[in-house]
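Notes for the structure review
Each chain, letter by letter, is given below.
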Amino acid sequence: MNTKFIFVTGGVCSSLGKGIATSSIGALLKASGFKVFIQKLDPYLNVDPGTMSPFQHGEVFVLDDGGETDLDLGHYERFIDTHLSKLSSVTTGKIYRKVLDEEREGKFLGKTIQIIPHITDEIKNSIKKAAKASGCDIMMCEIGGTVGDIEGLPYLEAIRQMRNELGAENTLFVHLTLLPYLGGSKELKTKPTQASVRELRAIGIQPDFIIARADRSIRKEHLKKISLFCDVPETHVIPAQTVSSIYEVPLNYEDYNVSKLVAEKLNLGRIKPEMKEWKALVEKIKATRPKLKIALAGKYTGLDDAYLSVVESLKIACYHANRELDLIWVDTEKLEENDKETWDELKSAKGILIPGGFGSRGIEGKILAARYARENKVPYLGLCLGMQIMTIEFARNVLKDETITSEEFDEEKKLNPDKYVIHFMPDQNEHRAKGGTLRLGLYDCAIKKGTLTHKLYKQDLIQERHRHRYEFNNAYKELLENAGMVFSGTNPKSDLVEISENSNHPFMIGSQFHPEFLSRPLKPHPLFKGFIDAAIS
């Protein structure tokens with residue numbers, strides 16, 4: 001079978017959920033027996049999101065091969081349960097760099113380099129290369145941004161050309177738009193959708209499907225109107241009202257026969273997705289469950305997207321433990337200021353999680369949170385920086401030395417290096433470029449038998465994804481082991497510490513890696529599952 005290509009665009013405004021729509025269609029096709037691969041085409045000029053602020057772009061989602069990517073790739077992986085690669089992330093920065101490098105090498109033989117055909121050809125090559133390398137049956141591409149954005153035009157032109165090159169039976173266009181609600185007239189309006197589709201058609205793209213997003217109930221008359229004015233069959237206009245959980249979306253799409261209609265358009269034959277497990281998951285989510293308070297002590301408090309995979313992993317573990325996550329955002333700078341309200345919030349939690357991060361802001365507050373968890377036997381899970389925080393706090397306590405810290409936080413280099421329980425990796429240099437120079441991607445971790453970690457994983461060797469520049473200083477290893485710290489996971493080649501746990505605590509575990517990147521809706525990650533179970537008990 002020829003590889004089929006599905007292109008998802010967005011109209012009216014951003015943040016409508018193109019990633020969720022793409023992931024949901026992918027989940028239906030995966031559940032129908034097809035091999036699905038998903039790619040994000042981002043029009044910004046950054047080479048990747050690795051150096052972008054979470055306030056700008058949310059979390060950086062890391063792949064097995066070390067690709068630093070958009071948070072939508074986290075949705076893709078969670079929904080289709082497939083490990084993606086660097087080929088899944090394309091940016092204008094990457095495209096331009098590739099074309100300009102080739103121009104400098106003389107590969108264009110003196111030609112004038114232009115947006116069309118050279119940039120659009122490279123975009124098409126990136127799409128086709130990913131499809132071929134993945135061996136997928138169906139290649140899905142989400143075009144970032146909104147139709148009408150200047151920076152997105154080359155991508156729309158490229159997929160328009162692909163329709164002509166590959167034929168309508170091998171390509172499919174899905175357009176996601178907003179139906180805004182006007183409070184004055186108390187009605188949803190379809191005019192912005194009509195305008196967005198008109199702009200697409202001016203470029204030469206006629207959508208095969210329109211997914212209409214709204215926070216209010218979408219009536220049949222709205223679908224008929226969109227169908228009439230946008231020249232799309234009414235059966236192919238899919239209402240997508242906001243739901244309480246993103247994991248409902250694939251089932252809602254299937255209620256409108258999306259998999260069947262896609263199969264007809266792409267000549268896939270008769271298909272029927274097996275969604276039994278998804279239905280069971282959604283039933284768990286919708287059921288009334290006792291609430292479980294978990295404190296997330298991070299740098300970007302209240303910004304869900306900055307810790308999207310962490311929050312999703314906590315939710316997933318709670319779903320499977322018959323609990324509803326009650327997440328408390330703790331500002332660790334306020335802990336440093338001894339703010340009573342913030343401390344009361346932390347103390348009300350049944351578990352404390354400190355996620356990854358960079359920089360020294362709020363660090364002493366995080367250390368105070370770790371100390372509270374250790375002294376009061378509150379379940380604690382530290383991820384990347386959170387593992388380092390747990391280690392610093394433990395070392396300060398047992399060695400009676402408050403100057404022990406991480407090399408990262410001694411910005412003015414006032415301390416003797418022997419005070420660094422966390423230090424630069426041996427092959428790192430603080431003056432190296434920031435982009436793409438961390439320890440990135442999947443690494444082996446050998447787990448020590450008889451530890452809590454081994455009990456959770458039930459494996460001797462695991463692989464987990466990393467994104468960090470600092471490591472545990474092995475010069476401290478014996479000192480801390482003698483005081484009760486167990487280094488339950490290490491890299492078998494480098495002997496770098498991967499997991500530490502406090503043997504004098506019911507559940508106090510830190511991982512140098514990011515387990516949140518491998519948690520799945522139908523399969524909670526062992527560390528998150530163990531953490532939530534400990535918080536319940």
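Please refer to the structure higher up on the page.
A brief structural summary.

Topic: the overall build of the chain
When its secondary structure is counted, the chain shows 19 helices and 23 strands. Its C-alpha radius of gyration of 25 Å places the chain within 12% of the 24 Å reference for a compact globule of 537 residues. Within the chain, the proportion of its 537 residues that are buried is 58%. Total accessible area on the chain stands at roughly 23,000 Å², and carbon and sulfur atoms take up 48% of it. Of note, the chain has its 73 positive side-chain charges centred 5 Å away from the centre of its 74 negative side-chain charges.

Comments concerning the sheet that holds strand E19 (residues 461–468)
Taking strand neighbours across the sheet as the criterion, the nine strands line up as E13-E12-E14-E15-E23-E22-E21-E18-E19 in an open arrangement whose pairing is mixed. Strands with a single pairing partner mark the edges of an open sheet, and in this sheet they are strand E13 (324–331) and E19. For this sheet the average axis-to-axis angle between neighbouring strands, irrespective of direction, equals 25°. Of the strands in this sheet, strand E12 (291–298), E13 and strand E14 (351–354) touch helix H14 (residues 340–347), which is tilted by about 150° from E13. The sheet strands contacting helix H15 (residues 363–375) are E12, E14, strand E15 (380–383), strand E22 (497–502) and strand E23 (508–511), and the helix crosses E14 at an angle near 150°.

Side note on the packing of aromatic side chains
Under the criterion given, the structure shown has 11 aromatic pairs. Their ring planes at 10° and their centres at 6.3 Å tell us that Phe5 and Phe7 sit as a pair that is stacked. For the pair Phe5 and Phe7, a shared accessibility class is recorded, and that class is buried. In textbook terms, an aromatic cluster arises when at least three aromatic residues are bridged by ring pairs, as seen for Phe5, Phe7 and Phe173. A cation over an aromatic ring shows up here: Lys191 above the ring of Phe229, its NZ or CZ 5.7 Å from the ring centre.

As for the side chain of His505
Tracing the backbone shows His505 in the loop between E22 and E23. A polar contact is formed between the side chain of His505 and the backbone oxygen of Val378, at a distance of 3.1 Å. Every residue in contact with His505, bar those within four places of it in the chain, is listed here: Ala373, Arg374, Lys377, Val378 and Pro379.

What to know about the pattern of salt bridges
Scanning all chains against the criterion turns up 41 salt bridges. Here Glu402 and Arg396 are joined by a salt bridge, their closest N and O atoms 3.9 Å apart. Its relative accessible area of 48% is what places Glu402 among the partly exposed residues. Here the residues in one salt-bridge network are Glu364, Arg371, Arg374, Glu375, Glu393, Arg396 and Glu402, joined through shared partners.

Things to note about the environment of Arg467
Within the secondary structure, Arg467 is located in strand E19. Here Arg467 falls in the buried class, since its relative accessible area comes to 13%. When the C-alpha atoms of Arg467 and Gly67 are compared, they prove to be 10.0 Å apart, with 400 residues separating the residues in sequence. Aside from chain neighbours lying at most four places away, what touches Arg467 is Gly50, Val60, Val62, Glu68, Phe358, Cys384, Leu438, Arg439, Leu440 and His514. Within the structure, Arg467 has its side chain in polar contact with the side chain of Glu68 (distance 2.7 Å).

Some details on helix H5 (residues 115–134)
With 20 residues, H5 extends 27 Å from end C-alpha to end C-alpha; this agrees with the ideal 28 Å at 1.5 Å per step. Considered for burial, the residues of H5 that qualify are His118, Ile119, Thr120, Glu122, Ile123, Lys124, Ser126, Ile127, Ala130, Ala131 and Ser134. Where H5 is buried, its residues touch strand E1 (4–10), strand E2 (36–42), strand E5 (89–91), helix H4 (92–104), strand E6 (138–143) and helix H6 (153–166). Immediately downstream of H5, the backbone of Gly135 shows phi near 65°, a positive value.

Observations regarding the environment of Glu407
Relative to the elements of secondary structure, Glu407 occurs in the loop between strand E16 (405–406) and strand E17 (420–424). Judged by relative accessible area, Glu407 falls into the buried class, the value being 14%. For the pair Glu407 and Val421, spaced 14 residues apart in the sequence, the C-alpha separation amounts to 8.0 Å. Setting aside residues up to four positions removed in sequence, Glu407 forms contacts with Lys413, Tyr420, Ile422, His423, Phe424 and Tyr470. A distance of 3.0 Å separates the side chain of Glu407 from the backbone nitrogen of Phe424, its partner in a polar contact.

Comments concerning the sheet that holds strand E11 (residues 237–241)
A sheet is described by the order of its strands in space; here seven strands give the open sequence E5-E2-E6-E1-E7-E10-E11, paired in parallel fashion. Each having just a single partner strand, E5 and E11 make up the two edges of the open sheet. Sheet twist, expressed as the mean angle between neighbouring strand axes with direction ignored, is 20°. The sheet contact formed by strand E10 (residues 209–214) and E11 spans five bridges and is parallel. When the bridges of E11 are listed, Ala214 appears paired with Gln241.

Some words on the nonpolar core
Counting residues in each nonpolar core, the largest one holds 74 residues, and the members touching the most others are Ile6, Phe7, Ile25, Leu29, Ile127, Ile211 and Tyr253. No other element matches helix H1 (residues 18–30), which puts six residues into this core. Non-local contacts of Ile6, meaning those with residues more than four positions away in its chain, are made with Ile25, Leu29, Ile138, Met139, Met140, Cys141, Leu172, Val174, Val262 and Leu266.

Examining the side chain of Glu59
Counting through the fold element by element, Glu59 comes out in the loop between helix H2 (54–57) and strand E3 (61–62). Although Glu59 is buried, it forms no salt bridge, and the closest oppositely charged side chain is Arg78 at an N-O distance of 4.9 Å. Polar contacts involving the side chain of Glu59 include one to the side chain of Ser309, which spans 2.5 Å. The contacts of Glu59, once residues within four sequence positions are left out, are Thr69, Leu71, Asp305, Ala306, Tyr307, Leu308, Ser309 and Phe517.

Things to note about unusual backbone geometry
The omega torsion across Ile116 and Pro117 is 15°, close enough to zero to call that bond cis. Turning to its location among the elements, Pro117 is positioned in helix H5. Here Lys186, not a glycine, exhibits a phi torsion of approximately 55°, which is positive. Along the chain, the position of Lys186 falls in the loop between strand E8 (181–182) and strand E9 (187–188). Judged by its relative accessible area of 62%, Lys186 falls in the exposed class. The residue Lys458 is not glycine, and still its phi comes out positive at about 60°. In this structure, Lys458 sits in the loop between helix H17 (452–457) and E19.

Parameters and conventions
- Residues numbered from 1 in each chain as written.
- Predicted model: local features only at pLDDT ≥ 70, side-chain atom pairs only at ≥ 80, totals over all residues.
- Heavy atoms only, no water.
- Helix = DSSP H or I, 4+ residues; strand = E, 2+ residues; numbered from the N terminus.
- Rg over C-alpha atoms; globule rule 2.2 N^0.38 Å.
- Buried < 20%, exposed > 50% of the residue type's maximum accessible area, 1.4 Å probe, protein only.
- Areas by Shrake-Rupley, 256 points an atom, 1.4 Å probe, with all protein chains shown as cover.
- Lys, Arg positive; Asp, Glu negative; His and termini not counted.
- Charge placed at Lys NZ, Arg CZ, Asp CG, Glu CD.
- Pairing = 2+ DSSP bridges.
- Axes fitted to C-alpha atoms, helices over the stretch in contact; angles between N-to-C directions.
- Contact = heavy atoms within 4.5 Å.
- Phe/Tyr/Trp six-rings, centres within 6.5 Å; stacked < 30°, edge-to-face > 60°.
- Lys NZ or Arg CZ within 6 Å of the ring centre and 35° of its normal.
- Polar contact = N/O pair within 3.5 Å; in protein donor to acceptor, adjacent residues only side chain to side chain.
- Salt bridge = Lys/Arg side-chain N within 4 Å of Asp/Glu carboxyl O.
- Expected span 1.5 Å × (residues − 1).
- Core = buried A, V, L, I, M, F, W, Y, C linked by side-chain atoms within 4.5 Å.

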